[in-house]
Structure formats: structure tokens, C-alpha cells
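Listed below are the residues making up each chain.
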Amino acid sequence: NAKASTGLTYKSSDEKIVQVSSTGTVTIKGAGTAKVTITAAADANREAASKTVTITVAKASQTIKGLKTTYKKTYGAKAFYLKASAATALKYKSSNAKVAAVNAAGKVAIKGAGTAKITVTASADKNYKAASKTVTVSVAKAKPTIKVKTSTKTYKAAVVKKKAQIFSPGITVNSKGTLSYKKTSGNKKITVNKKNGKITVAKGMKKGTYKIGITVTAAAKGNYTKGTKKVTVTVRVK
């Protein structure tokens, strides 16, 4: 609110920092220091006069938005974006890329079970201070997937009459965990090997359809928990 007996004019030394209107209103445009010169014009009775004031504009703090504190995922989940935003450019860094890797765009790829902390940093520039925020990515172990290749097996009665028949149901698990097998139901003359899952049809089995119940267990391994699956294998003798 400068005053003088004659008209005033205003001039900023750096309009990228402050701009000043003809009425003396100052608008902040950026961080830094600018000098504003105020001049009172000369008239018939007075000489011109001027005064300079200094305006210092500090860098502003900034906030990184759009982030959760914790992201809970399961091994095998699809990659996802953190969706962070700030006034300046962002950078990302994972504390454990073997669990969660992150690229320059904030895309997080799940690599293994465990916990990783991702630090998001907004860089400093001419107007803003740097800022950072850390989030936690918690990745749980996945349940294994157990599959059966052969759920039905057919033998001719004449073949079974001569000798016992052995076959594998071809059970696999994606976790590579050790498999074990337990027969839970079915004809006593059909047995299941506890270690390799092979099924033995006893010599002399009569014609008929036999359903064998098996519980398959996959041991926990790596990024997978222990898992079980109930399987039914059908044996036909005809």
C-alpha cells in the first residue's frame, strides 16, 4: 500500500518470480528473489522519487497423492500401477525387487512372496521442495494348483486276469512341491502308492466300474503354501 503525492508506477526485476500490477498488486509466480521498484512521478512542484523493496519467495512444500499405505497381493497377481501424483516428476525405488519390482512409470510387478517397501520421490525444482513417501507391498504365498492328467483308465478283463496293472494318473502341481497321496475310498483290490501316486489294479479284478478317492497333498515350497486336492479316478474293467 505505497502512497505518494504524485502517481506511482511499479516494476519487478524478475516477473518469473513476482509480477506487479499498475495498482501495486503483487502476484507470486515462482520461488526466488525479486526487487520491486516503486516510482513517484515528478510534477510541477515535486521531483521524482523511487524506492525499491525486496520480495523473497520460498520454495513450496509438495504432497505426493494417490498412494495407499499398504498394498496386499498374492504371488501370481498381475502387475499394477501405484497411481501417484505430485507437482514435480516422480521416481520409484523398491527395497526388494525379488518381491516387488517397480519401473519408472510406477508399475509394480510381483516377483515373489514377502514384503517390499517402495519409496516414491518427487524431485525438487525451482519452485518446489523434494518430497518422498514410502508404501509397503505385502505379497502372500499362493495356493498351489494340482492337476490330474488321467482320471479314467480302462482295461480289458482278459489283461487283468493275467496280471496286475499299474498306471499313473499323471498328477502335477505348479509349485514343484513334493506330492503325497492317500487313498480315501474305493475297492480294496485297487491300491495307491503313497509316494508316487501310481495306482495298482489287482490281478483277477472282475468286470465293473471302480471309483477310487485320493487326497493329493502338495508340500509348501518357495512362493506357494501347502495344498490339497481330492481326486476321483475311475477304473473300468470290461
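See the structure shown above.
Residues numbered from 1 in each chain as written. Predicted model: local features only at pLDDT ≥ 70, side-chain atom pairs only at ≥ 80, totals over all residues. Heavy atoms only, no water.

Novice: So what's going on with the overall build of the protein? Residues and values would help.
Specialist: When you go through the protein residue by residue, the secondary structure sums to one helix and 21 strands. Rg of the C-alpha trace for the protein: 39 Å, well past the compact-globule value of 18 Å for 238 residues, more than 25% over. Projected onto its principal axes, the C-alpha positions of the protein cover 135 × 25 × 20 Å. Burial analysis of the protein (238 residues in total) assigns 32% to the buried set. Counting only contacts in the protein whose residues sit at least 6 apart along the sequence, the fraction spanning at least 24 positions is 56%. Within the protein, the 5 negative side-chain charges are centred at a point lying 64 Å from the centre of the 50 positive side-chain charges. (Helix = DSSP H or I, 4+ residues; strand = E, 2+ residues; numbered from the N terminus. Rg over C-alpha atoms; globule rule 2.2 N^0.38 Å. Buried < 20%, exposed > 50% of the residue type's maximum accessible area, 1.4 Å probe, protein only. Contact = heavy atoms within 4.5 Å. Lys, Arg positive; Asp, Glu negative; His and termini not counted. Charge placed at Lys NZ, Arg CZ, Asp CG, Glu CD.)

Novice: Can you break down a positive patch on the surface residue by residue, with the values?
Specialist: A cluster of like positive charges, contributed by K156, K211, R236 and K238, occupies part of the molecular surface. Of note, K238 is situated in the segment after strand 21 (227-237). (Patch = residues over 30% accessible without salt bridge, like charges linked within 9 Å, V, L, I, M, F, W, Y side chains within 5 Å. Areas by Shrake-Rupley, 256 points an atom, 1.4 Å probe, with all protein chains shown as cover. Salt bridge = Lys/Arg side-chain N within 4 Å of Asp/Glu carboxyl O.)

Novice: Before we move on, can you summarise the pattern of salt bridges with the specific residues and values?
Specialist: Under the counting rule described, the total for this entry stands at one salt bridge. With its nearest N and O atoms 3.5 Å apart, the salt bridge here joins D43 to R46. For D43, a relative accessible area of 35% puts it in the partly exposed group. R46 gets classed as partly exposed once you look at its relative accessible area, which sits at 41%.

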